[in-house]
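If you want the building blocks of each chain, they are given just below.
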Amino acid sequence: MTARTLAIPGATVQVFPDPGHACAAAAGLIARSIREGVAARGGAVIGLATGNTPLPVYDRLAALHRAGDLSFAEVSTYNLDEYYPIAPTDPRSYRAYMDRHLYGRVDLAANRAHIFDGTVPEAFAAEHAAGFDRWIEAEGGLDLQLLGVGRNGHIGFNEPSDLRVDAALRLPSRPTGLHPTTVEDAAAEFGDATLVPPRALTLGVAPILAARSILVLAFGAKKAEILASALQGPVTAGVPASLLRTVAGRVTWMIDEAAASRLG
Ligand code: GLP
């Protein structure tokens, strides 16, 4: 499916007629990254995202695996984030989401499917999160990071802040608090805003931006406004997704017409 490419300075933006076509293209890019990593280095390291946006990507990757066209046997994955605290058996945990939508459907080794542990004791949460940066580095870095964008512009759970851009770009993986918009968006899933875990563990801005390739997905009219800010507003920690423009050459945005509707 042909996408139209937008001429936006500092960003490669492909606009697809609908999310299905974008997700098929995204799964194709991920599959290629896995095959190239395995061919060149004997393995691939892929950063994964949760939320509604990437669900068709995981369906497609699982289908490629079922058809015998893609193996995850030599792949390591690192997920962007997890609520804290939360049990891995809680169906709303990102661990459970990943089990349902990808881990349980492909031949990914259990000890290579990394996602933050929402049960780690409070006093060790920072150390646990920081460990991910060392693990990723020890594996040679992320070949590809799949990203969604929150309605408030967050990437992973790197929420909007008033940090200076240089400080925001250095943010490591860590425990963090959830922004009110994020809590609002998660309320339906947890039944009520007061039931949403107030905190999370997230990959930092620094390890996300260090990935050799970054694939950002955003669909629907509810993402239109934040995409206009992220792509055409100032680069600022107030809109974390705008920080992706500092590594523009490595980032591909795949969006649909509805999400592109506010881009000038
Ligand atoms: C969630 C996650 C992000 C995700 C984003 C968008 O809160 N922390 O990793 O990309 O919000 O979610 P959705 O894809 O459901 O719009």
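Above: the structure in question.
All of these numbers come straight from a predicted model, not from anything done at the bench.

What counts as what
Residues numbered from 1 in each chain as written. Predicted model: local features only at pLDDT ≥ 70, side-chain atom pairs only at ≥ 80, totals over all residues. Heavy atoms only, no water. Helix = DSSP H or I, 4+ residues; strand = E, 2+ residues; numbered from the N terminus. Buried < 20%, exposed > 50% of the residue type's maximum accessible area, 1.4 Å probe, protein only. Contact = heavy atoms within 4.5 Å. Areas by Shrake-Rupley, 256 points an atom, 1.4 Å probe, with all protein chains shown as cover. Lys, Arg positive; Asp, Glu negative; His and termini not counted. Charge placed at Lys NZ, Arg CZ, Asp CG, Glu CD. Pairing = 2+ DSSP bridges. Axes fitted to C-alpha atoms, helices over the stretch in contact; angles between N-to-C directions. Polar contact = N/O pair within 3.5 Å; in protein donor to acceptor, adjacent residues only side chain to side chain. Expected span 1.5 Å × (residues − 1). Near = heavy atom within 4 Å. Nonpolar A, V, L, I, M, F, W, Y, C, P; charged D, E, K, R; others polar. Salt bridge = Lys/Arg side-chain N within 4 Å of Asp/Glu carboxyl O.

Asks: Tell me about the overall build of the chain, and name the residues and values.
Replies: Helix and strand counts for the chain stand at 9 helices and 11 strands. With respect to the three principal axes, the spread of C-alpha positions in the chain is 45 × 45 × 35 Å. In the chain, which comprises 264 residues, the proportion classed as buried is 53%. Considering only contacts within the chain whose residues lie at least 6 apart along the sequence, 77% involve residues at least 24 apart. A total accessible area of about 11,100 Å² is found for the chain, and carbon and sulfur atoms account for 54% of it. For the chain, the distance from the average position of its 23 positive side-chain charges to the average position of its 27 negative side-chain charges is 4 Å.

Asks: Go over helix α3 (residues 94–101) with me, naming the residues and quoting the values.
Replies: Burial in α3 covers these residues: Tyr94, Ala96, Tyr97, Met98 and His101. The inward-facing, buried residues of α3 abut β3 (44–48), α2 (55–66), β4 (75–79) and β5 (81–84).

Asks: Tell me about the sheet that holds strand β1 (residues 4–8), and name the residues and values.
Replies: Pairing is mixed in the open sheet, where 8 strands are placed in the order β1-β2-β11-β10-β7-β3-β4-β6. Two strands lie at the open edges of the sheet, namely β1 and β6 (113–114), each paired on one side alone. Bridge count between strand β7 (residues 144–147) and strand β10 (residues 214–218): 3 bridges; the pairing is parallel. The residue of β10 that forms the bridge with Leu146 is Leu215.

Asks: Give me the lowdown on the sheet that holds strand β8 (residues 174–177), citing residues and values where you can.
Replies: If you trace the 3 strands from one edge of the open sheet to the other, you get β5-β9-β8, paired in antiparallel fashion. This sheet does not close on itself; its edge strands, each paired only once, are β5 and β8. Neighbour-to-neighbour, the strand axes of this sheet turn through a mean angle of 30°, independent of strand direction. The sheet contact formed by β8 and strand β9 (residues 199–202) spans 4 bridges and is antiparallel. Along β9, the bridge assignment pairs Thr176 with Ala200. Packing of helix α4 (residues 125–138) onto the sheet brings it into contact with β5, β8 and β9, and relative to β8 it is tilted by some 120°.

Asks: Residues and numbers for unusual backbone geometry, please.
Replies: A cis amide bond links Tyr84 with the next residue in sequence, Pro85, at an omega value of -10°. Within the secondary structure layout, Pro85 lies in the loop between β5 and α3.

Asks: Tell me about the pairing of strand β2 (residues 11–16), and please be specific about residues and values.
Replies: Pairing geometry for β1 and β2, over 5 bridges, is antiparallel. Paired with Leu6 across the strands is Val13, a residue of β2. Here β1 hands over to β2 after 2 residues, with Gly10 in that stretch at a positive phi of 80°. Relative to strand β11 (residues 251–256), β2 runs parallel, the two sharing 5 bridges. The partner of Val15 across the bridge, within β11, is Ile255.

Asks: An account of the side chain of Asp143 is needed here, citing residue identities and associated values.
Replies: Relative to the elements of secondary structure, Asp143 occurs in the loop between α4 and β7. For Asp143, the side chain forms a polar contact with the side chain of Arg41, separated by 2.4 Å. In this structure Asp143 touches Ser33, Arg41, Gly43, Ala44, Val45, Ile46, Arg212 and Ser213, once residues within four positions along its chain are discounted.

Asks: Can you tell me about α4, naming the residues and giving the values?
Replies: With 14 residues, α4 extends 20 Å between its outermost C-alpha atoms, agreeing within 8% with the 20 Å of an ideal straight helix rising 1.5 Å per residue. Along α4, the positions that sit buried rather than exposed are Ala125, His128, Ala129, Gly131, Phe132, Asp133 and Ile136. Close packing links the buried residues of α4 with β4, β5, β6, β8, β9 and α7 (205–209). Gly140, located one to two residues past α4, shows a positive phi value of around 90°.

Asks: Explain the site of the ligand to me, using residue names and the numbers behind them.
Replies: The full set of residues close to the ligand is Gly51, Asn52, Thr53, Leu80, Asp81, Tyr94, Gly148, Val149, His154, Gly156, Phe157 and Lys223. Note that an oxygen atom of the ligand is positioned 2.5 Å from one of the side-chain N or O atoms of Thr53. Protein chains shield 86% of the accessible area of the ligand, which is 390 Å² for the free molecule. By residue class, the composition of the shell around the ligand is 4 nonpolar, 6 polar and 2 charged.

Asks: A description of the pattern of salt bridges should follow, citing residues and the corresponding values.
Replies: Pairs may arise between side chains of opposite charge once their charged atoms sit close together. Scanning the model with the defined rule gives 11 salt bridges in all. Between Asp143 and Arg41 there is a salt bridge, with its nearest N and O atoms 2.4 Å apart. Separated by 102 residues along the polypeptide, Asp143 in the loop between α4 and β7 and Arg41 in helix α1 (residues 19–41) bring together distant segments of the chain. For the salt bridge of Arg105 with Asp59, the shortest nitrogen-to-oxygen distance reads 2.9 Å. On the criterion of sequence distance, the pair formed by Arg105 in the loop between α3 and β6 and Asp59 in helix α2 is long-range, its members being 46 residues apart. Given a relative accessible area of 37%, Asp59 falls into the partly exposed group.

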